[in-house]
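The primary structure of each chain is shown beneath.
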Number of protein chains: 2
Amino acid sequence: MKSKLVECIPNFSEGRRPEVINAIVDAVRSHVGVLLLDYSSDADHNRSVVTFAGEPSAVVEAAFSAIKAASELIDLDTHNGTHPRLGAADVVPFVPLDNMTLDECVQLAQQLGERVGSELDIPVYLYEAASTRPEYTRLESVRRGGYEALKDAITTDPERVPDYGPKRVGRAGATIIGARHPLVAFNVYLGTDDVALARRIARLIRASSGGFLHVKALGMLVDGRAQVSMNFTNPAETPLFPVIEVIRREAERANTSVHHSELIGLIPQSVLLDVAARYLQLENFRVEQVLEYRLSDVLKQKSILE
Amino acid sequence: MKSKLVECIPNFSEGRRPEVINAIVDAVRSHVGVLLLDYSSDADHNRSVVTFAGEPSAVVEAAFSAIKAASELIDLDTHNGTHPRLGAADVVPFVPLDNMTLDECVQLAQQLGERVGSELDIPVYLYEAASTRPEYTRLESVRRGGYEALKDAITTDPERVPDYGPKRVGRAGATIIGARHPLVAFNVYLGTDDVALARRIARLIRASSGGFLHVKALGMLVDGRAQVSMNFTNPAETPLFPVIEVIRREAERANTSVHHSELIGLIPQSVLLDVAARYLQLENFRVEQVLEYRLSDVLKQKSILE
């Protein structure tokens, strides 16, 4: 039987205090059978993203430990940042890697949600593939109004009854848990501080206002620059290349340009190879032409045989 | 610790007897952790080229086994072919791929050379980046006169004293071992049949006429289209991106454009990732951000620890 591999990419509402970020990362590291792949923090968003992978039960245990640590060390009543959020541990998605289906990741989200609700007394909302109500397939709808709005709404608004845990939020807020396809978080900085331009471009490229089907985007001011902050929620179906082309043209029309871009967390190799192949106008490009791809492929075959 | 990947492309003086070619290829195949990428034979040249890759120590072992097999099965006194050669195993270059430097490949060439000299009693000359004398950076100067001329010269000419092994050649001849950068063969087709334009662009981008240091280029007519045919002999130092930009601008100046491009053979992942990162204007991009790279890397580290 092939070993199952699942990825978990929790987002925490702390991007400034290293001791808090380290405590959360150590909570993940402490679990045998879990591979810590990456973590990065953003001081302006006051937010950190941790990426780890492993066999399903170990990954659920590590996610629970990290959420517990965050709930003890982060106080939403004093937290501030430019990024919308509901909780100390804000969003916890499971992503299927080797020998895993999206449905199996939905089951992991339900297991974790039940424990976070009952053992940590934190309200949990299931989202995307794990959502129990149509409007909660979109993270934005779950997170609308942020922590501040949820404090009252959770007690009064029947639509905001959590899937697990109490019908009230403490200082750790609420946690959104779910299952989804691999996601690419990619930000483009413009050569201007004109946030209105970044917002216009975001509206043009995101699905919610008529743009690309699997693109979410926001315009904001970061490091004194207008930034188009993007999530590619299905980069296999909506590639990066045409989206970047649109952003460049729009920036040019506004007499500015793309200053630089940044990748948050990890990206599947196929997404970057697709960008290179499109830029080079490569005809009949096959991933088998990449040395490393063929190597890992054959090494996997060998390890199965031996 | 990042996993190192090295490529080896030995040339053997046998292109006609399948049983000999198969024995050499099998000697490579027998090593775990080594991927046989390709092998091809030329009957007129009476010569075969084998391409394989893997982690450094495994690749050195596989190269040694192949040289040993060739030295037992090929007799230079009866060998004939149109291609210049010194030995049964004629030329053995190491090429740095992931997380390898050219200097580390020079060390592999020295390790292999020492073993071939002492254990197989075959004279070894180091060439290109591994050469110990200026005139041996060029393969042609190491191979001048071929096996027939070397038989006497190695005993009489102080300039032809080998770097390793005996000052005499047996029937396996001498082996030339060295290190070089990976080579990328890449062709761009223009939206015109104007070969003169392809030649002008080739002259503009190639080192021999003042262009990019590590680019060789020719303009020709292929499938009714003007083609700029390129070899990138050090794609880490001369990346593809700026060269493609120059070709596009020159094509535009001539009121045409790039129709499409093609990759000949294999390309290191890092070369395509560099193209994507430059196109996207990614700041602080690290290959560790590629999911597959991090996964295989972390899994390797764990398997070392456990």
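Just so it is clear, the structure is predicted and the values come from calculations on it, not from any experiment.

## Focus on the environment of Val 228 of chain B
All names here are of chain B.
Here comes step 1: Mapped onto the secondary structure, Val 228 falls in strand β10 (residues 225-232).
Here comes step 2: Classification of Val 228 as buried rests on a relative accessible area of 0%.
Here comes step 3: Sequence-wise, Val 228 and Phe 186 are 42 residues apart; in three dimensions their C-alpha atoms are separated by 8.6 Å.
Here comes step 4: Leaving out residues up to four positions away in the same chain, Val 228 has contacts with Phe 186, Asn 187, Val 188, Leu 190, Ala 198, Ile 201, Ala 202, Ile 205, Leu 218 and Ile 247.

## Side note on the packing of aromatic side chains
Here comes step 1: The tally for this structure, following the rule as stated, stands at 5 aromatic pairs over all chains.
Here comes step 2: Measuring from centroid to centroid gives 4.8 Å for Phe 241 of chain A and Tyr 279 of chain B, while their planes differ by 15 degrees, and the two rings are stacked. Taken as a pair, Phe 241 of chain A in helix α7 (residues 240-253) and Tyr 279 of chain B in helix α8 (residues 269-280) lie in two separate chains rather than in one. A single burial state applies to Phe 241 of chain A and to Tyr 279 of chain B, both of which are buried.
Here comes step 3: Each ring, one from Tyr 125 of chain B and one from Tyr 136 of chain B, has its centre 5.9 Å from the other, and the planes form 75 degrees; the classification is edge-to-face. You can see Tyr 125 of chain B sitting in strand β6 (residues 124-128) and its partner Tyr 136 of chain B sitting in the loop between β6 and α4 (139-142), a full 11 residues away along the chain. Take Tyr 125 of chain B and Tyr 136 of chain B: they sit in the same class, and that class is buried.
Here comes step 4: Through pairs of rings, three or more aromatic residues link up here, namely Phe 241 and Tyr 279 of chain A together with Phe 241 and Tyr 279 of chain B.
Here comes step 5: A cation over an aromatic ring shows up here: Arg 248 of chain A above the ring of Tyr 279 of chain B, its NZ or CZ 4.7 Å from the ring centre.

## Brief notes about the interface of chain A and chain B
Here comes step 1: Counting from both sides, the interface comprises 48 residues of chain A and, opposite them, 51 residues of chain B.
Here comes step 2: Taking both sides of the interface into account, the surface hidden between chain A and chain B amounts to around 4500 Å²; carbon and sulfur atoms contribute 63%.
Here comes step 3: Three residues stand out in chain A for area buried against chain B, namely Tyr 279, Leu 280 and Leu 291 of chain A, and they jointly supply 17% of the buried area on that side.
Here comes step 4: At the junction of chain A with chain B, the criterion picks out 1 salt bridge.
Here comes step 5: One salt bridge in this structure joins Asp 38 of chain A and Arg 286 of chain B, with 3.9 Å as the shortest N-O distance.

## Points about the environment of Phe 94 of chain A
Here comes step 1: Mapped onto the elements, Phe 94 of chain A comes out in strand β5 (residues 89-96).
Here comes step 2: Along the backbone, Phe 94 of chain A and Arg 17 of chain A are 77 residues apart, and their C-alpha atoms lie at a distance of 26 Å.

## A word on the sheet that holds strand β8 (residues 184-190) of chain A
All names here are of chain A.
Here comes step 1: The antiparallel open sheet is built from 4 strands, whose spatial order is β9-β10-β8-β11. Each end of this open sheet is capped by a strand with a single partner; those strands are β9 (215-222) and β11 (258-264). Across this sheet, the average inter-strand angle for adjacent strands is 20 degrees, counted without regard to direction.
Here comes step 2: Bridge analysis of β8 against strand β10 (residues 225-232) gives 6 bridges, and the strand direction is antiparallel. Residue pairing in the sheet places Ala 185 in a bridge with Asn 231 of β10.
Here comes step 3: Each of β8, β9 and β10 touches helix α6 (residues 195-205); the most contacted strand, β9, lies at about 175 degrees to it.

## Focus on the domain arrangement of chain A
All names here are of chain A.
Here comes step 1: Looking at chain A, the domain boundaries give domain 1 (6-179) and domain 2 (184-267).
Here comes step 2: Relative to domain 2, the C-alpha centre of domain 1 lies at a distance of 25 Å.
Here comes step 3: At the interface, 13 residues of domain 1 touch 9 residues of domain 2.
Here comes step 4: Buried area between domain 1 and domain 2, both sides added, is near 830 Å², and the carbon and sulfur share of it is 54%.
Here comes step 5: If you look at where domain 1 meets domain 2, you find 2 salt bridges.
Here comes step 6: Of the charged contacts, one joins Lys 216 and Glu 128 as a salt bridge, the two residues approaching to 3.5 Å between their closest N and O atoms.

## Structural notes on the sheet that holds β10 of chain B
Residue and element names in this part refer to chain B.
Here comes step 1: With respect to topology, 4 strands assemble into an open sheet ordered β9-β10-β8-β11, the strand pairing being antiparallel. Each having just a single partner strand, β9 (215-222) and β11 (258-264) make up the two edges of the open sheet. Ignoring strand direction, the axes of neighbouring strands in this sheet form an average angle of 20 degrees.
Here comes step 2: The pairing of β9 with β10 spans 8 bridges and is antiparallel. Within the sheet, the bridge partner assigned to Met 220 lies in β10 and is Gln 227.
Here comes step 3: Against the sheet, helix α6 (residues 195-205) touches β8 (184-190), β9 and β10, its axis set at about 175 degrees to β9.

## What about the nonpolar core?
Here comes step 1: Counting 69 residues, the largest nonpolar core has Phe 186, Leu 190 and Ile 247 of chain A together with Phe 186, Leu 190 and Met 230 of chain B as its most contacted members.
Here comes step 2: In this structure, Leu 190 of chain B is in contact with Leu 197, Ala 198, Ile 201, Arg 225, Ala 226, Val 228, Ile 247, Ala 251, Ser 257, Val 258 and His 259 of chain B, ignoring residues within four places of it in sequence.

## Details of helix α7 (residues 240-253) of chain B
The periodicity of an α-helix, 3.6 residues per turn, causes residues three or four positions apart to be oriented the same way.
Residues and elements named next belong to chain B.
Here comes step 1: For α7, built from 14 residues, the straight-helix expectation of 20 Å at 1.5 Å per residue is met to within 8% by its first-to-last C-alpha distance of 20 Å.
Here comes step 2: For α7, the complete set of buried residues consists of Leu 240, Phe 241, Val 243, Ile 244, Ile 247, Arg 248, Glu 250 and Ala 251.
Here comes step 3: Positioned one or two residues after α7, Asn 255 has a phi angle of 60 degrees, which is positive.

## Looking at the confidence of the model for chain A
Here comes step 1: Overall, the prediction assigns chain A a mean pLDDT of 93, with 96% of residues at 70 or greater.
Here comes step 2: Interface confidence for the predicted complex, given as ipTM, is 0.76, next to a pTM of 0.74.

So, how was this worked out
- Residues numbered from 1 in each chain as written.
- Chains lettered and ligands numbered in written order.
- Predicted model: local features only at pLDDT ≥ 70, side-chain atom pairs only at ≥ 80, totals over all residues.
- Heavy atoms only, no water.
- Helix = DSSP H or I, 4+ residues; strand = E, 2+ residues; numbered from the N terminus.
- Buried < 20%, exposed > 50% of the residue type's maximum accessible area, 1.4 Å probe, protein only.
- Contact = heavy atoms within 4.5 Å.
- Phe/Tyr/Trp six-rings, centres within 6.5 Å; stacked < 30°, edge-to-face > 60°.
- Lys NZ or Arg CZ within 6 Å of the ring centre and 35° of its normal.
- Buried area = accessible area lost by both parts, 1.4 Å probe.
- Salt bridge = Lys/Arg side-chain N within 4 Å of Asp/Glu carboxyl O.
- Pairing = 2+ DSSP bridges.
- Axes fitted to C-alpha atoms, helices over the stretch in contact; angles between N-to-C directions.
- Domains from an automatic or database assignment.
- Core = buried A, V, L, I, M, F, W, Y, C linked by side-chain atoms within 4.5 Å.
- Expected span 1.5 Å × (residues − 1).
- pLDDT = per-residue confidence, 0-100.

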